[in-house]
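Here is how the chains run, residue by residue.
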Amino acid sequence: MDLRIFTEPQQGATYDTLLAVAKATEDLGFDAFFRSDHYLRMGSADGLPGPTDAWITLAGLARETKRIRLGTLMTAGTFRLPGVLAIQVAQVDQMSGGRVELGLGAGWFEEEHKAYGIPFPKEKFARLEEQLAIVTGLWGTGIGETFSHDGTYYQLTDSPALPKPAQAKVPVLIGGHGATRTPRLAGRYADEFNMPFASVEDSERQFGRVRAAAGEAGRKGTDLVYSNALVACVGKDDAEVARRAAAIGREVEELKANGLAGSPDEVVDRIGRFAEIGSQRIYLQILDLDDLDHLDLISSQVQSQL
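Below, the structure is looked at part by part. Source: prediction; values computed, not measured.

Quick word on the overall build of the chain
For step 1, the next point in the chain: Helices and strands together make up the secondary structure of the chain, namely 11 helices and 12 strands.
For step 2, the next point in the chain: A compact globule built from 306 residues would reach a C-alpha radius of gyration of about 19 Å, and the chain, at 19 Å, matches this within 12%.
For step 3, the next point in the chain: By principal-axis analysis of the C-alpha atoms, the chain measures approximately 60 × 40 × 35 Å.
For step 4, the next point in the chain: Across the 306 residues of the chain, 53% fall into the buried class.
For step 5, the next point in the chain: Expressed as a percentage of contacts within the chain between residues at least 6 apart in sequence, the contacts between residues at least 24 apart total 73%.
For step 6, the next point in the chain: Split by element, the accessible area of the chain, about 13,300 Å² in all, is 50% carbon and sulfur.
For step 7, the next point in the chain: Of the side chains in the chain, 32 bear a positive and 43 a negative charge, and the two mean positions are spaced by 4 Å.

And the structure:
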């Protein structure tokens, strides 16, 4: 079971804060640092000092870390043209020495689009399907060859399909709760399927749908990695759990029901339930980015047991 650190910087974080978390992620033996791709805070957070761009952040971290994987859960398909995104991700992959992963989703948060003048099209999912075809098609085109795409939403003509990522294949992550279209896209394009903020039972059902869709696409269900994203709130005793829950504005019992909360042993047991239904990787959503002791505790007393 891989443990990865997943951050939500739109709630309020500077690049320096993210760098500190990424370096702790690396030093404490976690597998990867991931971040969301949002430009507007959610809920009651003040969001100060303001948003940071996901791929600019990852470019900086690519040069300031050495081992950990770097990626997004999920890059919003509404934010960037697919040809531009393919260039950006390939460049950051080169900058990192081949440590980048691309989580790509349709985009959903209409308010942030209004706030920053970003178009919010109605046909987001159909656009996502074309985006996946274009990004993976550009990367998969041989050097000296060209790539063209004549779609409903995007047209590319004789693209040189450059630059290439450092990796032969940048892992592509697709995730979500949709019962039909999401598994179909994952079965065709994904190297990893991520089930965000879901129960063991819902995750098991969705993993089964994705495995079936992979088979329909001529792949094996085992060709994909299956993962979950869950909020983390771990403490060495009840008082510490309560303090950490209060710091992120959540209730302990709710976190225990819907995330990974409690003592290290409780969290290890909970992770084990996800492992039993085929989850191979957990993205720990860390909402208090100033509490690096939290990461230390998870590393020494949770990760060490896995």
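Additional details are given in the paragraphs that follow.
Considering the pattern of salt bridges
For step 1, the next point in the chain: Enumeration over the complete set of coordinates arrives at 19 salt bridges.
For step 2, the next point in the chain: Between lysine 169 and aspartate 191 there is a salt bridge, with the nearest N and O atoms lying 2.7 Å from each other. Of this pair, lysine 169 sits in the loop between strand S7 (155-159) and strand S8 (172-175) while aspartate 191 sits in the loop between helix H6 (181-189) and strand S9 (192-196), and the two are 22 residues apart along the sequence.
For step 3, the next point in the chain: Here lysine 169 falls in the partly exposed class, since its relative accessible area comes to 45%.
For step 4, the next point in the chain: Ionic pairing is found between aspartate 202 and arginine 205, a salt bridge with its closest N-O pair at 2.2 Å. Of the two residues, aspartate 202 and arginine 205 are both situated in helix H7 (residues 200-216); the distance of 3 residues between them amounts to about one turn of the helix.
For step 5, the next point in the chain: What you see here is one network of salt bridges that share partners, running through Lys236, Glu240, Arg243, Arg244 and Asp291.

Looking at unusual backbone geometry
It is generally the case that most residues other than glycine have a negative phi and that most peptide bonds are trans.
For step 1, the next point in the chain: Here the bond from leucine 48 into proline 49 is cis, since omega is 5 degrees, no more than 30 degrees from zero.
For step 2, the next point in the chain: Here proline 49 shows up in the loop between strand S2 (32-35) and helix H2 (54-64).
For step 3, the next point in the chain: Cis geometry is found at the peptide bond from leucine 73 to methionine 74, where omega equals -20 degrees.
For step 4, the next point in the chain: Mapped onto the secondary structure, methionine 74 falls in the loop between strand S3 (69-72) and strand S4 (75-76).
For step 5, the next point in the chain: Non-glycine residue alanine 161 carries a positive phi angle of around 55 degrees.

Considerations on H6
For step 1, the next point in the chain: For H6, the full list of buried residues reads Thr182, Pro183, Leu185, Ala186, Gly187 and Tyr189.
For step 2, the next point in the chain: Here the buried face of H6 lies against helix H5 (124-140), S8, S9 and H7.

A word on H2
For step 1, the next point in the chain: Regarding H2, the residues found buried are Ala54, Trp55, Thr57, Leu58, Ala59, Leu61 and Ala62.
For step 2, the next point in the chain: Against helix H1 (15-27), S2, S3, S4, helix H3 (82-96) and strand S5 (100-105) lie the buried residues of H2.
For step 3, the next point in the chain: Measuring from the side-chain oxygen of the N-cap residue of H2 to the backbone nitrogen of tryptophan 55 gives 3.1 Å; that N-cap residue is aspartate 53.

A short note on the environment of aspartate 93
For step 1, the next point in the chain: Tracing the sequence through the fold places aspartate 93 in helix H3.
For step 2, the next point in the chain: Residues aspartate 93 and glutamine 167, spaced 74 residues apart in sequence, show a C-alpha to C-alpha distance of 7.3 Å.
For step 3, the next point in the chain: When residues no more than four places from it in sequence are discounted, the contact partners of aspartate 93 are Gly98, Arg99, Val100, Pro165, Ala166, Gln167 and Val170.

Let's talk about the environment of serine 44
For step 1, the next point in the chain: Positionally, serine 44 belongs in the loop between S2 and H2.
For step 2, the next point in the chain: Counting along the chain gives 151 residues from serine 44 to methionine 195, while the straight-line C-alpha distance between them is 25 Å.

Quick notes on the packing of H1 against H2
For step 1, the next point in the chain: Across the interface, H1 lies against H2 with an axial gap of 11 Å and an inter-helix angle of 45 degrees. By the angle class used here, H1 and H2 are oblique. When you trace H1 past H2, the crossing you get is right-handed. Here Tyr15, Leu18, Leu19, Ala22 and Lys23 of H1 come into contact with H2, specifically with Thr57, Gly60, Leu61 and Glu64.
For step 2, the next point in the chain: Of the residues in the contact of H1 with H2, the class split is 5 nonpolar, 2 polar and 2 charged.

Reading guide: rules and limits
Residues numbered from 1 in each chain as written. Predicted model: local features only at pLDDT ≥ 70, side-chain atom pairs only at ≥ 80, totals over all residues. Heavy atoms only, no water. Helix = DSSP H or I, 4+ residues; strand = E, 2+ residues; numbered from the N terminus. Rg over C-alpha atoms; globule rule 2.2 N^0.38 Å. Buried < 20%, exposed > 50% of the residue type's maximum accessible area, 1.4 Å probe, protein only. Contact = heavy atoms within 4.5 Å. Areas by Shrake-Rupley, 256 points an atom, 1.4 Å probe, with all protein chains shown as cover. Lys, Arg positive; Asp, Glu negative; His and termini not counted. Charge placed at Lys NZ, Arg CZ, Asp CG, Glu CD. Salt bridge = Lys/Arg side-chain N within 4 Å of Asp/Glu carboxyl O. Polar contact = N/O pair within 3.5 Å; in protein donor to acceptor, adjacent residues only side chain to side chain. Axes fitted to C-alpha atoms, helices over the stretch in contact; angles between N-to-C directions. Parallel < 35°, antiparallel > 145°, perpendicular 65-115°, else oblique. Left-handed = near helix turned anticlockwise from the far one by under 90°. Nonpolar A, V, L, I, M, F, W, Y, C, P; charged D, E, K, R; others polar.

Geometric descriptors of this kind do not, in isolation, establish any biological role.
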